Amino acid sequence: MAAKAARDLSNVASVIELKSVNKWFGQFHVLSDINLDVKEGEKIVICGPSGSGKSTLIRCINRLEEHQAGDIIVDGVTLSNDVKNIEAIRREVGMVFQSFNLFPHLTILDNLTLAPIWVKKMPKKEAEEVAMSLLNRVRIPEQALKYPGQLSGGQQQRVAIARALCMRPKIMLFDEPTSALDPEMVKEVLDVMVELAGEGMTMMVVTHEMGFARAVADRVIFMDRGEIVEQNEPEAFFANPQNERTKLFLGQILHH
Amino acid sequence: MSDDALPSGERRQLAPPIDDTGALGWMRRNLFSSWANGITTVVLVVAAGWILSGFLEWALFTATFTAATGTECRGGGACWALIREKWRYIFFGSFPYEQHWRPFFAVIAMLAMLVTSADRRMWNWRLLVIWGVGSFITFLLMFGQIHIPLSLFLTIALVVGGFGMSLRKAIAEAGEMNAYRVLAAIGLVGLVLRIAGVLPAWSLAIAPLSYVETSLWGGIPVTIILATYGLAFAFPYGVLLALGRRSNLPLIKGLCVGFIELIRGVPLISLLIMASVMLPLFLPSGTTIDKFLRAQVAVILFAGAYIAEVIRGGLQSLPKGQFEAADAMGLSYPQKTLLIILPQALRVVIPPLINTFIGFFKDTSLVLIIGIFDFLNTANQALVDPNWAGFPAEVYLFAAFVYFIFCYSMSRYSKYLEVELNKGTRR
């Protein structure tokens, strides 16, 4: 992973805006007063202890979770209960899950072409061409006709990334994409993600892969107890954390 | 050659140990592995042989295969002459005797329909064709005459057009979509005009044979029709109930839960009696609904509730991630359900689903309570003949054998489906 030059994103338009977003699970305040602006092409890494609300935060962006107060604006559309709105946003936002969530009853190729055919009404032949070119990009075109259960975890996660990219999303959300993988497979997935970042995709990544954060992120966000405690560009974030909680967390995951 | 003769870092692959081969080896391991096991084996073999020899003595060696009446049949063994004498009644009931070829071929048509649609390669538009043609032949043979009212044609046009428009929207070309629109429009306008009385009550009469009403139907075609159409309609209905029960909309959920619990809470017999005795009391005088049809509807409602619960089990077994992945892609609810959720949920529930099917195939015999002559009932009636009194074992054994053939085929089919549908999806 090559180091990248810091970029000036201040003039770039925002694609995701969160304004005082709040959410509770029962009595538990899982997101408290989150304000966040994500610029087009920006790569954000979110880290924090488990239960800090980082997964919930990105799951609110495509409405897998519903926030209870505040506004979330994705690509100019404000999230509401309107199903058409939600489906429109989901077409623009790809998501990769910790447990891959490929459809086990469909071949790899069918997993990739399903959404383009049914959601985007793309002709089948064209969808298959797009799918094959993406499988080439994640370096597993030879697996196209197999079923997910026949692939290794790393291969499945790369398929999941390709599946999300098939919809040509503007934004990609990654929810701990390497946490369920055996150590030797983490790199093959991260390599694909680094490549994707190099192509200018807007990415929000929940991960504890600090090497990835250093190499790719424009901004690292640390969350704890439902709040954004600290955010900074990666060099400063790792070299000089300000908040005590950040220091404690970094100490736990970096030195052992 | 020893391991150190190999290049470093490689180990010889060892062959698995050789199995105890041969029938003797197998017997020693499985039947006579210890004194206690050996004695148990011997005792059980002797007992089984004793029972089997007694049965064969009765069923074959001392049995009577031809006799003019029951009195010639008192040899002590089984009286298979009774079956020989009565088999046509047992199979076809009171259907006019010289016309028995009709239910015979109707059964053949239905079996052909079921066997062809059991093949997974047929699970597409062909299934509709197979069932359309198969059902048409079956009922044409059974009734002898079919009158298809204009409104049915119009309804079919509306349904085909409507479903085509909504389901094929994503993938059909413009010409196909226009065809659906035209069909739906013709159906809708026609039905409105028909209800308004503008169009006459015309019907297409197909009447190559003499008319035989349902009260004369009996035997194996009745059992197969009740079970086949009962389950064929109950299945999609059960799927809808199961989905409804998991709905977020309180009204739909409440209706589905209420229906399932109500139907499951009463015996099928009481539902059949309701359909046959009480329903006519509620209908305006003059209107009658065929008794056979009422029994059929009762079976559908009852089976639907049970199938719904089986399918709900399958829906609950799917990991939450499958729903979320489908949602995250922007699939709509019907797309998510039809493309992702149901195909997986149904695979999981094949064994309990076929179990339910087998149960209902046998439960159709309860229609005898309201005087419909299904296969078990005609077998029962065959015993009533005073000339042949006194041989219930033979008749019930025969009936049991026929039921077993059907149920065992379903069970084997379930096994085939499990293997076929899980091909490649397992690691």
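Residues numbered from 1 in each chain as written. Chains lettered and ligands numbered in written order. Predicted model: local features only at pLDDT ≥ 70, side-chain atom pairs only at ≥ 80, totals over all residues. Heavy atoms only, no water.

(A) Examining the overall build of chain A more closely. Check the secondary structure of chain A and you find 9 helices and 10 strands. By principal-axis analysis of the C-alpha atoms, chain A measures approximately 55 × 45 × 40 Å. Split into buried and exposed, the 256 residues of chain A put 56% on the buried side. Partitioning the contacts of chain A with sequence separation of at least 6, the portion at a separation of at least 24 is 66%. Summing over all exposed atoms, chain A offers an accessible surface of approximately 10800 Å²; the carbon and sulfur share of this is 49%. Here chain A contributes 29 positively and 34 negatively charged side chains, and the mean placements of these two sets differ by 3 Å. (Helix = DSSP H or I, 4+ residues; strand = E, 2+ residues; numbered from the N terminus. Buried < 20%, exposed > 50% of the residue type's maximum accessible area, 1.4 Å probe, protein only. Contact = heavy atoms within 4.5 Å. Areas by Shrake-Rupley, 256 points an atom, 1.4 Å probe, with all protein chains shown as cover. Lys, Arg positive; Asp, Glu negative; His and termini not counted. Charge placed at Lys NZ, Arg CZ, Asp CG, Glu CD.)

(B) View of the overall build of chain B. Along its length, chain B carries 16 helices and 4 strands. Taking 2.2 N^0.38 as the reference for a compact globule, 427 residues should give roughly 22 Å; the C-alpha atoms of chain B span a radius of gyration of 28 Å, well beyond that estimate. Across its three principal axes, chain B shows a C-alpha extent of roughly 90 × 85 × 40 Å. Per-residue burial over chain B gives 40% buried out of 427 residues. A sequence separation of at least 24 residues applies to 71% of the contacts in chain B between residues at least 6 apart. (Rg over C-alpha atoms; globule rule 2.2 N^0.38 Å.)

(C) Main features of helix 6 (residues 150-167) of chain B. All names here are of chain B. Relative to the 26 Å expected for 18 residues at 1.5 Å per residue, helix 6 spans 26 Å between its end C-alpha atoms, a close match to the ideal helical length. Of the residues making up helix 6, those classed as buried are L150, L154, A157, G161 and G164. One face of helix 6 carries all of its buried residues, which in axial projection span an arc of 105 degrees. Taken together, the buried residues of helix 6 touch strand 1 (146-149), helix 7 (174-196) and strand 2 (203-206). (Expected span 1.5 Å × (residues − 1). Arc of directions from axis to C-beta.)

(D) Inspection of the sheet that holds strand 1 (residues 14-25) of chain A at higher detail. Residues and elements named next belong to chain A. Spatial ordering of the open sheet is given by 2-1-4-5, a layout of 4 strands whose pairing is antiparallel. Looking along the sheet, the strands with just one partner apiece sit at the ends: strand 2 (28-39) and strand 5 (77-78). The pairing of strand 1 with strand 2 spans 8 bridges and is antiparallel. Counterpart to F25 in the pairing with strand 2 is F28. (Pairing = 2+ DSSP bridges.)

(E) A look at the interface of chain A and chain B. Every contact between the two is made by 28 residues of chain A and, on the other side, 26 residues of chain B. Linking chain A to chain B there are 1 salt bridge. Salt-bridge contacts for E324 of chain B lead to R59 of chain A; the nearest nitrogen and oxygen are separated by 2.6 Å. For the pair chain A and chain B, the number of links is 7 residue pairs in polar contact (both at pLDDT 80 or more). Elements with a contribution of two residues or more to the side of chain A that touches chain B: helix 2 (83-92), strand 6 (93-96), helix 3 (108-118) and helix 5 (153-165) of chain A. Split by residue class, the side of chain A that touches chain B holds 16 nonpolar, 7 polar and 5 charged. (Salt bridge = Lys/Arg side-chain N within 4 Å of Asp/Glu carboxyl O. Polar contact = N/O pair within 3.5 Å; in protein donor to acceptor, adjacent residues only side chain to side chain. Nonpolar A, V, L, I, M, F, W, Y, C, P; charged D, E, K, R; others polar.)

(F) Fine view of the sheet that holds strand 8 (residues 202-206) of chain A. Residues and elements named next belong to chain A. Strands sit in the order 6-7-8-3-9-10 across an open sheet of 6 strands; the sheet is mixed. In this open sheet, the two strands that pair with only one neighbour each are strand 6 and strand 10 (227-232). Within this sheet the neighbouring strands show an average axis-to-axis angle of 20 degrees, counted without direction. As paired elements, strand 6 and strand 7 (residues 171-175) share 4 bridges and run parallel to each other. In the sheet register, G94 faces strand 7, and the bridge partner there is M172. (Axes fitted to C-alpha atoms, helices over the stretch in contact; angles between N-to-C directions.)

(G) Just the packing of aromatic side chains, in detail. All told, the structure shown has 25 aromatic pairs over all chains when counted by the stated rule. With centroids separated by 5.9 Å and ring planes inclined at 65 degrees, the aromatic side chains of Y306 of chain B and F360 of chain B adopt a geometry described as edge-to-face. Of the two residues, Y306 of chain B sits in helix 11 (residues 291-317) while F360 of chain B sits in helix 14 (residues 350-363), which places them 54 residues apart along the sequence. By relative accessible area, which is 6% here, F360 of chain B ends up buried. The aromatic ring of F103 of chain A is capped on one face by R163 of chain A, whose charged end is 4.6 Å from the ring centroid. One Lys or Arg, R214 of chain A, reaches over the ring of F238 of chain A and ends 4.5 Å from the middle of that ring. (Phe/Tyr/Trp six-rings, centres within 6.5 Å; stacked < 30°, edge-to-face > 60°. Lys NZ or Arg CZ within 6 Å of the ring centre and 35° of its normal.)

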